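# Structural overview for review
So the chains spell out like this:
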Amino acid sequence: MISSEQGLFGEFGGRYVPEILRPALCQLEDMYQQLRSDETFWQEYLQLTQEFSGRPTPLTALPRLSELLGGAKIWLKREDLNHSGAHKINNVLGQALLVKRMGKQRIIAETGAGQHGLATAIIAARMGLQATIYMGSEDVERQYSNVFWMRQLGAEVVPVNHGSCTLKDALDEALRDWAASVDDTHYVLGTACGPAPFPELVTYFQRVISQEIRAQAKHQIGALPNAVVACVGGGSNALGAFCDFLDEPSVRLLGVEAGGRSQQPGQHSIRLHGDLASPGIAQGYKTLFLQNRNGQLGETHSIAAGLDYVGVSPVLADLVARGRVDATSATDAEVTHAFQLLMRYEGIIPALESSHALAGGFALAKEMQPQEHVVINLSGRGDKDIFNIAQALPQQEWLDFLEREVARTEQRLKESAQCPNGEEQYVSNG
Amino acid sequence: MFPTANESLKVMSHCVVGFPSLEENEHAIDGLVAAGIRLIELQVPFSDPVADGPVLVNACVKALAQGGSFEATLALARKVSRRHPEVTFVLMSYLNPIYQYGIPAAIDEIANAGIEGIIVPDWPVEAMRPHLLHMEKRGVAPILMVTPNTASARIAEIASASRGMLYVVSRMGVTGSSTHWGEEFQTYIARVKEHTNLPLAVGFGVRTREDLQALRGRVEVAAFCSQYIEWQAEHGSERAAERMAQVVQSIQAA
Ligand SMILES: Cc1ncc(COP(=O)(O)O)c(C=O)c1O
């Protein structure tokens, strides 16, 4: 398990925030230190994940793909089977228990792919809290199905229209909101980034992934896996999957970043490997950022909205610097290919974020021996990506469907304008 | 020169370097000086200004597209500090542009450019401490911030590291929206004064003459920033300076 001295991981981490946010972070830090040594809290957390989210998630063998690729035996850790469809809920459930302890009535969050926002909206609905979700306006367009669900769940979704209109701008906006509302609001940060204690706190809740992989591998494989692979946006699913193997030198740990279209500035989100990113201090913490020489954070790109982030967990930056975690990347094209392979050969529809882990994991498996085992963390399922996939693999049939759907929606709107009680009617009609 | 404690209220105003454009910055500052402003913040535009509200965020976005940067701020400061020796220029920045330049070198260049102080909202006192001696030597005053939720012991700690003035954030939140100067605010100011003799600069939400009247006799400096930038954006730098002149007169007349 990771722990830090004052929120520092090697040269990374820390708490570089406007003074106004400091008391809330100190309070959170105190609570985190208390609950870390409180075994009953972890039990309460596990029970919640089991009863609400369906943990433990299975470890699934991929016999057909393993055979096709001809290397190591490939397994998937099925975080896609969580309620709400991604690992993000693990962290949200943990922070929800903190909100309960702090007695705050409102939660805010930033979201890229929408999976963290969705998980936050879900827990707000369940606990009767008010929720505001900040999302880059570009991501609102890319992941509209999640926006729709968040709003149906009763959350307010605020599109952020400045800067690069993606995850980093949503994070800035959430910090600004928090500065004004910190007395009654908790910021449910969605990944292992931001000011201390968030990187460690979020890792602590995601650690459940590697705890389960460990136990399941022992049972199903009879040994620890030889490698664990995960995609890296902010780094929370990767740290969750790696955490309990950090002290096992025989287990290779590989993080896969978004290689995007190319390694030109603005066309990728590669921070951990190569020399595309450099140390910087922004958004409340020190880490490797994509930035220009003037210290302005750069634009990023990924086919997967959830990996399209300019910084990276300080915990991971340090683990890579120390050589404990390896980093690689997969391009948009490689990701689409891996996505198709998993669907066609194993009948599983992965998220585009997770498909980065698949691309990196498949390449690694090919280099490994048939008696070896690689576990790929499938951080989420692909439902939310249906529009992106349909665009990446364009088909006339999909276009025809969309045209019919537009016509149907227009008709519906016309009818409900004539009948002001349309909404009630809709509900009573089921 | 910074104001001394118990001096009558001074207005501090603002410049986002690169907004509306690098050329216009110079004229805008001339206009502010003609309006009677003697304290001016030069803001280094930043891609992710987390303590700022929409007016300054948008100004930063435009400024960056027009060549605003830490170096452009130094270049502007060199010119205007020589031209207006009676004015105190303060650099406002987020930490990363300074960090990328190299903190010790940045402090030297800030001093060389005739800038007398710095305000960096995301540079907490503990991280700034290793550089305080160097700032002292070069005559760059660290102007740190306290907020309504800062604990008393920490106010003392922040005040003891600060020079020139102490920046008192008037309320919870980012720059730009308005503030209520009620009893709670008076108690807050009194609490801050228990821990320091530094002149106090109140900022975040000073937008009207009424705001200035409320601050007169209580603090030494009122930061009139977002509202000025809003005027500048809407009516141009000249008209904005005229309005600032009225603002300055209103507190002198009263
Ligand atoms: C399915 C899925 N996987 C991965 C990520 C990347 O985030 P992280 O690296 O913090 O796990 C996201 C983020 O939105 C996501 O939705």
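Everything numeric in this text was worked out from a predicted model, so none of it was measured.

Let us look at the overall build of chain B. When its secondary structure is counted, chain B shows 12 helices and nine strands. Per-residue burial over chain B gives 61% buried out of 254 residues. Split by element, the accessible area of chain B, about 9500 Å² in all, is 51% carbon and sulfur. With 21 positive and 27 negative side-chain charges, chain B shows a spacing of 3 Å between the two charge centroids.

The next thing to look at is the overall build of chain A. When helices and strands are tallied, chain A shows 17 helices and 14 strands. Taken over the C-alpha trace, chain A has a radius of gyration of 21 Å; the compact-globule value for 430 residues is 22 Å, and the two agree within 12%. Seen along its three principal axes, the alpha-carbon backbone of chain A occupies a region of about 70 × 55 × 50 Å. Among the 430 residues that make up chain A, the fraction classed as buried is 62%.

All names here are of chain A. Summarizing the sequence annotation, UniProt attributes the feature "modified residue: N6-(pyridoxal phosphate)lysine" (unreviewed entry) to Lys88 in the numbering used throughout. Within the fold, Lys88 resides in helix H4 (residues 88-102). Here Lys88 is in contact with Gln115, His116, Ala119, Gly190, Thr191, Gln206 and Ser236, once residues within four sequence places are set aside.

In terms of nonpolar packing, the biggest core is built from 122 residues, with A:Leu98, A:Trp178, A:Phe242, A:Leu316 and B:Tyr167 touching the most fellow members. Residues lining this core come from more than one domain, with at least three contributed by each of domain 1 (8-19 + 86-201) and domain 2 (55-84 + 207-387) of chain A. Apart from the residues within four sequence positions on either side, B:Tyr167 is in contact with B:Met12, B:Glu41, B:Ile119, B:Ile143, B:Leu144, B:Met145, B:Val146, B:Ala201, B:Gly203, B:Phe204 and B:Ala223.

Residues and elements named next belong to chain A. When cut into domains, chain A gives domain 1 (8-19 + 86-201), domain 2 (55-84 + 207-387) and domain 3 (394-429). Each partner contributes to the interface: domain 1 provides 39 residues, whereas domain 2 provides 43 residues. When domain 1 packs against domain 2, the two sides together hide about 3200 Å² of surface, and 59% of this comes from carbon and sulfur. Contact with domain 2 buries surface across domain 1, with Phe12, His87 and Lys168 losing the most and accounting together for 20% of the total. A salt bridge links Lys286 to Glu11; the shortest N-O distance between them is 3.0 Å.

Inspection of the secondary structure assignment puts A:Thr57 in the loop between helix H2 (39-53) and strand S3 (59-61). If we skip the residues at most four places from it in the chain, A:Thr57 touches A:Lys77, A:Arg78, A:Glu79, A:Asn82, A:Glu212 and A:Gln216.

All names here are of chain A. The interhelical angle for the contact between helix H1 (residues 22-36) and H4, taken along N-to-C directions, is 110 degrees, at an axis separation of 12 Å. One finds that H1 runs roughly perpendicular with respect to H4. Note that H1 runs across H4; the crossing there is right-handed. Across from Gln27, Leu28, Met31 and Leu35 in H1, the residues of H4 making contact are Leu98, Arg101 and Met102. Considering only residue class, the contact of H1 with H4 consists of five nonpolar, one polar and one charged.

Once that is clear, we can look at the UniProt feature "active site" (unreviewed entry) in chain B. Here the UniProt-annotated "active site" (unreviewed entry) positions come out as B:Glu41 and B:Asp52. Of the annotated set named above, B:Glu41 and B:Asp52 line the second largest cavity. By the element assignment, B:Glu41 lies in strand S2 (residues 39-43). For B:Glu41, a relative accessible area of 2% gives the class buried. Apart from residues no more than four positions distant in its own chain, B:Glu41 is found in contact with B:Met12, B:Ser13, B:His14, B:Cys15, B:Val90, B:Met92, B:Ile119, B:Tyr167, B:Ala223 and B:Cys225. The contact partners of B:Asp52, leaving out residues within four places of it in the chain, are A:Arg176, B:Gln43, B:Val57, B:Met92, B:Tyr94, B:Val174 and B:Thr175.

Each value, and the rule that gives it
- Residues numbered from 1 in each chain as written.
- Chains lettered and ligands numbered in written order.
- Predicted model: local features only at pLDDT ≥ 70, side-chain atom pairs only at ≥ 80, totals over all residues.
- Heavy atoms only, no water.
- Helix = DSSP H or I, 4+ residues; strand = E, 2+ residues; numbered from the N terminus.
- Buried < 20%, exposed > 50% of the residue type's maximum accessible area, 1.4 Å probe, protein only.
- Areas by Shrake-Rupley, 256 points an atom, 1.4 Å probe, with all protein chains shown as cover.
- Lys, Arg positive; Asp, Glu negative; His and termini not counted.
- Charge placed at Lys NZ, Arg CZ, Asp CG, Glu CD.
- Rg over C-alpha atoms; globule rule 2.2 N^0.38 Å.
- UniProt positions renumbered as here; feature names shortened; annotations may be inferred.
- Contact = heavy atoms within 4.5 Å.
- Core = buried A, V, L, I, M, F, W, Y, C linked by side-chain atoms within 4.5 Å.
- Domains from an automatic or database assignment.
- Buried area = accessible area lost by both parts, 1.4 Å probe.
- Salt bridge = Lys/Arg side-chain N within 4 Å of Asp/Glu carboxyl O.
- Axes fitted to C-alpha atoms, helices over the stretch in contact; angles between N-to-C directions.
- Parallel < 35°, antiparallel > 145°, perpendicular 65-115°, else oblique.
- Left-handed = near helix turned anticlockwise from the far one by under 90°.
- Nonpolar A, V, L, I, M, F, W, Y, C, P; charged D, E, K, R; others polar.
- 1 Å grid on protein atoms, 1.4 Å probe; cavity = no way out; pocket = protein on both sides within 12 Å on 5 of 7 lines; lining within 4 Å.

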